[in-house]
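The chain contents come next:
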Amino acid sequence: MTKLAILEYPDPRLRKTAKPVETVDDAVRQLAADLLETMYAAKGVGLAATQVDVHRRLLVLDVSEERNQPRVFINPELLHAEGRGPGEEGCLSVPDIYDKVQRATHIRVRALGLDGLPFEIDADGLLGVCIQHEMDHLEGRLFVDYLSDLKRQLIRRRLEKERKNRPSGRGALDSAARGVAAPGAATPGATARGVSRPAL
Ligand code: ZN
């Protein structure tokens, strides 16, 4: 498996629309494995292929406390959405920024698994938020798009300033390292932080 570099806002490549995966083959399974490795290394809860500059409809996530329940969604489709509620979200492509976003509270999604077979899942809570957030990435949308223009400008400026101050250039490894150094990032703390402030 390979750890991949995560694109960061406002990188224009995050705005591309992903194309469907045509065949679930070994290359796709390898991509899923690499995405999971990258996500776990960055202490994220979810990651879409778009975030590593691969514009295919594939996303991975793990919302479990133990970080041992990886899930892979290939060509995900939203079948049903209902309710509306706020939840706090972060994003591995918008490091260390969290804000409230309104999402559907219950969704039903169909996707292909790594075996190439379709499955359907009902999701609410963090899982539901995470799937919606990652599906947005596949459309080139980011959670900051739901915030006010002013907030988005402030976030952009803050990230650009932080990137300039990073000792060794930019990239996912830096974000990951900062993620690890964050307060409460030891095993139980990281879990609590991950669930209450999910980086998706
Ligand atoms: Zn994200």
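Here, every reference points to the structure presented above.
First things first, this report covers the structure right here in the doc. Quick caveat, the model's predicted, so the values are computed rather than measured.

## Some thoughts on the pattern of salt bridges
- Within this structure, the stated rule accounts for 18 salt bridges.
- Two residues, D99 and K151, come together in a salt bridge whose shortest N-O distance is 3.0 Å. Placement of the pair is D99 in strand β5 (residues 94-103) and K151 in helix α3 (residues 149-165), with a sequence separation of 52 residues.
- When its relative accessible area of 16% is taken as the criterion, D99 is described as buried.
- The shortest N-O distance in the salt bridge between D122 and R108 comes to 2.5 Å. Of the two residues, D122 sits in strand β7 (residues 118-124) while R108 sits in strand β6 (residues 106-112), which places them 14 residues apart along the sequence.
- Residue classification places D122 among the exposed positions, given a relative accessible area of 55%.
- By relative accessible area, which is 28% here, R108 ends up partly exposed.

## Some details on the pairing of β5
- Along β5, seven of the ten residues are buried, which leaves the element largely enclosed by surrounding structure.
- Two strands pair when backbone bridges link them, and strand β4 (residues 85-91) and β5 are joined in this way by six bridges, in the antiparallel orientation. Within the sheet, the bridge partner assigned to C91 lies in β5 and is V94.

## Notes on the packing of aromatic side chains
- Throughout the structure, instances matching the rule amount to one aromatic pair.
- Ring centres of F73 and F119 lie 5.5 Å apart, and the angle between their planes is 55°; on these two criteria the pair is classed as tilted. On the criterion of sequence distance, the pair formed by F73 in strand β3 (residues 71-82) and F119 in strand β7 is long-range, its members being 46 residues apart.
- Assessed through its relative accessible area of 1%, F73 is described here as buried.

## Section: helix α1 (residues 26-41)
- Spanning 16 residues, α1 covers 22 Å between terminal C-alpha atoms, matching the ideal 22 Å at 1.5 Å per step.
- Every buried residue of α1 is accounted for by V28, L31, A32, A33, D34, L35, L36, T38 and M39.
- For α1, the elements touching its buried residues are β1 (46-48), β2 (58-61) and β3.
- Two to three positions downstream of the cap, the backbone nitrogen of A27 sits 3.2 Å from a side-chain oxygen, assigning the N-cap of α1 to D25.
- Backbone geometry just after α1 places K43 at a positive phi near 60°.

Calculation rules
- Residues numbered from 1 in each chain as written.
- Predicted model: local features only at pLDDT ≥ 70, side-chain atom pairs only at ≥ 80, totals over all residues.
- Heavy atoms only, no water.
- Salt bridge = Lys/Arg side-chain N within 4 Å of Asp/Glu carboxyl O.
- Helix = DSSP H or I, 4+ residues; strand = E, 2+ residues; numbered from the N terminus.
- Buried < 20%, exposed > 50% of the residue type's maximum accessible area, 1.4 Å probe, protein only.
- Pairing = 2+ DSSP bridges.
- Phe/Tyr/Trp six-rings, centres within 6.5 Å; stacked < 30°, edge-to-face > 60°.
- Expected span 1.5 Å × (residues − 1).
- Contact = heavy atoms within 4.5 Å.
- Polar contact = N/O pair within 3.5 Å; in protein donor to acceptor, adjacent residues only side chain to side chain.

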